[in-house]
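# Topology and contacts: notes
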Protein chains: 2
Amino acid sequence: MRQQKRATIVDVGRSAGVSTKTVSRVFNGEPHVSDSIRQRVRAAAEALNYHPNVMARALVQRRSNLIGLVYENPSSSYVTELQMGVLHRLRGERYRLVVIPIESVAEHAGEVVALLRSAGLDGVVLAPPASDDARILNDLASAGIRCARIAPTRLLDAAPGATVDDVVAAREIAAYLIDLGHRDIAIIKGDPTHASAEARLLGYSQAFHAAGLALRLDRIEPGLFTRDSGYEAAMRLLARPDRPTAILAQNDEMAVGALIAARECGLGVPHDLSIVGFDDSDVARIAWPAITTVRQPVFDMAVAAADMVVAQLEGGLAETLRAHDHALVVRGSAAAPSA
Amino acid sequence: MRQQKRATIVDVGRSAGVSTKTVSRVFNGEPHVSDSIRQRVRAAAEALNYHPNVMARALVQRRSNLIGLVYENPSSSYVTELQMGVLHRLRGERYRLVVIPIESVAEHAGEVVALLRSAGLDGVVLAPPASDDARILNDLASAGIRCARIAPTRLLDAAPGATVDDVVAAREIAAYLIDLGHRDIAIIKGDPTHASAEARLLGYSQAFHAAGLALRLDRIEPGLFTRDSGYEAAMRLLARPDRPTAILAQNDEMAVGALIAARECGLGVPHDLSIVGFDDSDVARIAWPAITTVRQPVFDMAVAAADMVVAQLEGGLAETLRAHDHALVVRGSAAAPSA
DNA sequence: CATCCCTATGACAACGTTGACAATGCGAGC
DNA sequence: GCTCGCATTGTCAACGTTGTCATAGGGATG
C-alpha cells in the first residue's frame, strides 16, 4: 500500500462541491462556513485521506512554526534540562522544537545564523555561550528570527532572556565552604568563552575577600564545563604536594569529574576533600556522595525563554528580562576540613 | 535596523541581469552556468543580502529536510544518548533534527503520525516503544514518511532498524549474578508497553532455568524504566522480611533508583545487596558504586538508524536490520552474597 | 418596499522556488 | 559551408496553500 498522490485541497473541494477557499476555511476553523458544508468538507477530506500540506501553508504564511534550541555541549545534563523545559512550554502548541548543536560558538559565530536560516526557524532559544554572542544577536535581528536567551550576561537590552545572578550564587557557595572552615580552596574554572565562567569567578573572589582570603592564581585550574575536563583539572590539583582541602567546581559536571578523580587518588569525599558544584543538575543528585551545589532553575529558565519566543511570535509582545532565583543546596560532598 | 522585505530570487535575477532560473542554478551548485555569471549572481545576492527561502524550496521539492526523533521518556539518559547519536550522523548534512516527545505511545498511537505530518517531517527515527507499534508503522507508510527503528522486536520486516539481542543480554547479566552465588534474586521490570521488558524477562528466566532456579512471580516488581519507579519498586522489595540478596533492574535508571533506595534503607551496595542494571547508560558510570550492567550501544544504534533514514531519503536504498552487540560491563554494584 | 448590512461562498492572485522544455550560440565534423 | 551536438540561458507552469476582494442572498430597518 504505497501512498497514492496525496490529495490536495483542490481535490477535497471538487469532491465536496465547494471552492478551495471554503475547504481552507474549514481546516483553519474560520467562521462564515455553514454547518452543513463544514460537515460535507470534513467527510470528503476523510474519504480522500486529505492532510494539509504544511510547507505550502508555511510558504504563504511566512512562518514554519519551528523553534530552535542552540547550544554547545550536548552531553551536559544542563542542556538536557533546557530542552525539557522548552519542550514543556511548547507542548500542546503548534510549534516544534529543532535542536541545533554548535561545535564551538566562539569559532563559528558567523555561520550560526546562516544555519538557522537554512532550517527556516521562526525563533530560537539561545543557551550559553551563544546567548552572549553579539554577532549572533545582531544577525538574528537582521534575519528577522525572534529569540530569547538563557542566562545572558551582556547586552541585556539586545534581546529578552531568563537571567540568573551568577555572581551572587557563586559568592554564596564559596562563602559556604569558607564557613565550614576551609582556607585552602582550589577552583576549577569553566569554559572561558562562557561569560558565566568569569561571573562565577568574580563571585568566588568576593567571598574570599570578604573572609580576608587571597584569590591565588595558582589555585585556579582551567576546565571546559565537561566532566572530563573536571577530572583532568582535579587530577592536576590533587597531584600537588600541597593539595587544597576543598574544590569549587564551576558546574556539577566538573564536580563529578573531580569526585571521580578524588576516588582514584584514594581520597574520601568529603572527609579528605570537599567538593562543591554549580547548577544543581541531575548528576549532582545521583553522584555519591551527592554534590553540594547551587541550584539554578534551568528548567524554569528554559520554560520562560520558550515562552518569550512564543510571545514574540504570537503577539509581538514587549521584550523583557526575567530574573530567576538560585538556592544553596547542601548535600554530602562538603564538610569541615579534617586536619 | 529592522529587516526590509527579504530579497527574493527575482530581485537577485533582476539585479544581476539574468533569469531567476539561472540564479536558482547558481545557488544549487548546478552545472551549465558560466563563471562570469556565477560571480555576478553571487555578488548581486551578497549586495541584496539574499537568502533562499527554505519553505518555497521545500514546497516545490516536496521535502523539508526535517528528520524526527520520536520517544517517550524524555528524562532518561537513554534518550539523550539516542539524540546524540542521531545528531552525530546528521552533522554536516542538510537535515535537521526535530524532537517529538510522546507522552504515552500506547495511548496516543493513533495521533502520533498526524503529529509528524503536521511537522512536515521527511523521516523519523522511532525509539521504543514506538518502534514496535504496528499502528504507527502502518500510518507512517501510508503517509510516505520514511523511518528507522531503534531496538525493534516485532514486525521485523515492516521497516529497517538497529537491533540488539535483549534476550541474550538479559540472560548473560542474570547468569553473572547467579555465578556470583546469588540464589534469591528479585527483578524490577520495565514499562510493560515496551516489548523489551518482556524480552529481558525472558532472558532472565532462561538463565534461572539453566541454573535450576525458579522464576518466582512474587519476586518481580513492576516499574516504568524511570528512576522513581525503580526507587519505589526497590523500596517495596527491601521492606519485606525476606529481602532478596540481589536485584536485576531492567535498565540503569531503575538501578540508580534501587541504589538510592538501598542507601536509604541503610544497606551497603554491593555488600548487603547486589544491584545490576541494563543499557550501560551514562548514569551507570556516575553512580557510586558504579553499576554493573550490560552495554547496549545506544549511540551506535542511533547513528545506524539515522543513517537508514538518510539512505532511504537519498537513494531509496534497500531496507534492512542491523544487529548490534551487547557486552557485560562489570563494575562495583554486584558481588557475592555476604550471608 | 427599498435600503442596508452581514453571512456565506467563490474567483483569482500571490507566496518564492524549481522542473520541464525551448531557444540560442558556438565549435567540431563532414 | 552545413549540420550536429553540447553548453548556456531563458520561459513558463507548477507546487498547495491562504489573502484580498467580489458577489449573491437574506433578514432587519426605515
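Per-chain numbering applies: the sequence of each chain, read as written, is numbered from 1 onward. Numbering of ligands from 1 and lettering of chains from A proceed in the order in which they are written. The model is predicted, so local features are restricted to residues of pLDDT at least 70 and side-chain atom pairs to those at 80 or more, both for listing and for counting; the totals for chains, interfaces and linings are taken over all residues. Computation of side-chain values: all heavy atoms of the structure, hydrogens and water removed.

Chain A carries the name LacI family DNA-binding transcriptional regulator in an unreviewed UniProt entry, which gives Sphingomonas corticis as its organism.

### Side note on empty space enclosed by the protein
Throughout, the protein atoms alone are placed on a 1 Å grid, and a set of points is a cavity if a 1.4 Å probe fits but cannot get out or a pocket if it is open with protein on both sides within 12 Å along at least five of seven lines; lining residues have an atom within 4 Å of a point. Grid points are joined across faces, edges and corners, and a volume is the space filled by probe spheres set on the points. According to the stated counting rule, one finds two cavities of 30 Å³ or more in the structure shown. Considering only enclosed or pocket space, the largest cavity measures out at about 130 Å³ in volume. Taken together, 14 residues make up the lining of the largest cavity; nearest its centre are Thr-80 and Gln-83 of chain A together with Val-79, Thr-80 and Gln-83 of chain B. Secondary structure elements follow DSSP: runs of H or I no shorter than four residues count as helices, runs of E no shorter than two count as strands, and numbering proceeds from the N terminus. For the lining of the largest cavity, the elements supplying multiple residues, two or more each, are helix H5 (77–90) of chain A together with helix H5 (77–90) of chain B. Taken together, the residues that form the lining of the largest cavity break down as ten nonpolar, four polar and no charged. Throughout this entry, Asp, Glu, Lys and Arg are counted as charged residues, while Ala, Val, Leu, Ile, Met, Phe, Trp, Tyr, Cys and Pro are counted as nonpolar. The remaining residues, Gly among them, count as polar.

### Observations regarding the sheet that holds strand S8 (residues 246–249) of chain A
All names here are of chain A. Ordered by their spatial adjacency, four strands build an open sheet running S7-S6-S8-S9, and the pairing between neighbours is parallel. The sheet is open, and its two borders are formed by strand S7 (220–221) and strand S9 (274–276), each paired with just one other strand. Paired strands, in this sense, are two strands between which DSSP finds at least two bridges. When strand S6 (residues 185–188) meets S8, the two strands line up parallel, connected through four bridges. When the sheet's bridge partners are listed, Ile-187 is paired in S8 with Leu-248. Working rule for contacts: check all heavy atoms of both residues, and any pair within 4.5 Å makes them a contact. In this analysis, axes come from line fits to C-alpha atoms, helices being fitted only over the stretch in contact, and the angle between any two N-to-C directions falls in the range 0 to 180 degrees. Across the face of the sheet, helix H9 (residues 195–210) comes into contact with S6, S7 and S8 while running at roughly 170° to S6. Helix H10 (residues 227–239) contacts S6, S7 and S8 of the sheet and is inclined by roughly 150° relative to S6.

### What about the protein's contact with DNA strand C?
To be near a molecule or strand, a residue needs just one of its heavy atoms within 4 Å of it. Near DNA strand C, the surroundings consist of 26 residues, among which Thr-22 and Ser-34 of chain A together with Ile-9, Ser-24 and Tyr-50 of chain B are the closest. Within 3.5 Å is the distance limit for a polar contact, defined as a pair of N or O atoms, with the added protein rule that one can donate a hydrogen and the other accept it, and that residues adjacent in sequence qualify only through two side-chain atoms. Within the side chain of Thr-22 of chain A, a nitrogen or oxygen atom sits 2.5 Å from a phosphate oxygen of DNA strand C. Note that a phosphate oxygen of DNA strand C is positioned 2.7 Å from one of the backbone N or O atoms of Ser-34 of chain A. Elements with a contribution of two residues or more to the surface near DNA strand C: helix H2 (20–27) and helix H4 (54–61) of chain A together with helix H2 (20–27) and helix H4 (54–61) of chain B. No other element matches the four residues that H4 of chain B contributes to the surface near DNA strand C.

### Remarks on the protein's contact with DNA strand D
Close to DNA strand D lie 25 residues; Ile-9 and Ser-24 of chain A together with Thr-22, Arg-25 and Ser-34 of chain B are nearest. Within 4 Å of the protein, atoms of DNA strand D come from sugar and phosphate in 65% of cases. Measuring from a phosphate oxygen of DNA strand D, one finds a backbone N or O atom of Ile-9 of chain A at 2.7 Å. Taking Arg-57 of chain A, its side chain carries an N or O atom lying 2.9 Å from a phosphate oxygen of DNA strand D. Elements represented by at least two residues in the surface near DNA strand D include exactly H2 and H4 of chain A together with H2 and H4 of chain B. Sort the elements by how many residues they give to the surface near DNA strand D and H4 of chain A lands first, with four residues. Looking at the surface near DNA strand D residue by residue, the class counts come to ten nonpolar, ten polar and five charged.

### Things to note about the sheet that holds strand S2 (residues 96–101) of chain A
If you walk across this open sheet you meet the twelve strands as S11(A)-S5(A)-S4(A)-S3(A)-S1(A)-S2(A)-S2(B)-S1(B)-S3(B)-S4(B)-S5(B)-S11(B), and the pairing is mixed. Two strands bound the open sheet, and with one partner strand each, they are strand S11 (321–324) of chain A together with strand S11 (321–324) of chain B. When the angles between neighbouring strand axes are averaged without regard to direction, this sheet yields 25°. Bridge count between strand S5 (residues 161–164) of chain B and S11 of chain B: four bridges; the pairing is parallel. Bridge pairing links Ala-162 of chain B to Arg-322 of chain B in S11 of chain B.

### Some words on the interface of chain A and chain B
Each partner contributes residues to the interface: chain A has 47 residues there, and chain B has 46 residues. Where chain A abuts chain B, roughly 4,200 Å² becomes buried across the two surfaces, and 60% of that area is made up of carbon and sulfur atoms. Computed with a 1.4 Å rolling probe, the buried area is the accessible surface lost when two parts are put together, summed over both parts. Contact with chain B buries surface across chain A, with Met-55, Arg-96 and Ile-286 of chain A losing the most and accounting together for 16% of the total. Salt bridge, as used here: a side-chain nitrogen of Lys or Arg that lies within 4 Å of a carboxyl oxygen of Asp or Glu. Across the chain A-chain B interface, the total number found is four salt bridges. For the pair chain A and chain B, the number of links is eleven residue pairs in polar contact (both at pLDDT 80 or more). For the side of chain A that touches chain B, the secondary-structure elements that each account for two or more residues are H4, strand S1 (66–71), H5, S2, helix H6 (105–119), helix H7 (134–143), helix H11 (252–264) and helix H12 (282–286) of chain A.

### Some points on the packing of aromatic side chains
Any aromatic ring pair is given by two values, namely how distant the centres are and how the planes are angled relative to each other. All names here are of chain A. When the centres of two rings from Phe, Tyr and Trp lie within 6.5 Å, Trp using its six-membered ring, the rings pair. Their planes under 30 degrees apart give stacked, over 60 give edge-to-face, and anything left gives tilted. The full count for this structure, using the stated rule, is two aromatic pairs over all chains. Summarising the aromatic geometry, the rings of Phe-27 and Tyr-50 are spaced 5.1 Å apart at their centres and angled 80° between planes, so their arrangement reads as edge-to-face. In this pair, Phe-27 is assigned in helix H2 and Tyr-50 in the loop between helix H3 (35–48) and H4, connecting sequence segments 23 residues apart. Here the term buried applies to any residue with accessible area under 20% of the maximum for its type, exposed to any over 50%, and partly exposed to those in between, with areas from a 1.4 Å probe on protein chains only. Residue Tyr-50 is classed as buried on the basis of its relative accessible area, which comes to 10%. When the ring centre of Phe-278 is taken as origin, the NZ or CZ atom of Arg-200, which lies over that ring, is 3.9 Å away. For a ring to carry a charge above it, either NZ of a lysine or CZ of an arginine must fall within 6 Å of the ring centroid while also lying within 35 degrees of the normal to the ring plane.

### Thoughts on the domain arrangement of chain A
Taken domain by domain, chain A consists of domain 1 (9–52), domain 2 (64–164 + 298–326) and domain 3 (166–296). Per the annotation, domain bounds derive from an automatic or database assignment of domains. Relative placement of domain 1 of chain A and domain 2 of chain A: their C-alpha centres are 37 Å apart.

### Quick look at the relation of the copies chain A and chain B
Least squares is the method for superposing the copies, and the C-alpha atoms it fits come from residues with pLDDT of at least 70 in both. Turning chain A through 180° and shifting it by 0.0 Å along the axis lays it on chain B, with an RMSD of 0.1 Å. These values place the two chain copies in the arrangement generated by a two-fold rotation axis. Measuring from the rotation axis to each C-alpha of chain A, the shortest distance belongs to Val-98 of chain A, at 2.2 Å. Here 98% of the contact residues of chain A are again contact residues in chain B; the copies associate through an equivalent surface.

### What about unusual backbone geometry?
Look at the link from Trp-288 of chain A to Pro-289 of chain A: it is a cis peptide, with omega at -5°. As for its placement among the helices and strands, Pro-289 of chain A is situated in the loop between H12 and strand S10 (293–295). Residue Pro-129 of chain B is bonded to the preceding Pro-128 of chain B through a cis peptide linkage, with omega at 0°. Secondary-structure assignment places Pro-129 of chain B in the loop between strand S3 (123–126) and helix H7 (134–143). Residue His-32 of chain A is not a glycine yet carries a positive backbone phi of 70°. With respect to the element layout, His-32 of chain A can be found in the loop between H2 and H3. Even without being a glycine, Leu-155 of chain B presents a positive backbone phi close to 50°. Looking at the element boundaries, Leu-155 of chain B is found in the loop between strand S4 (146–150) and S5.

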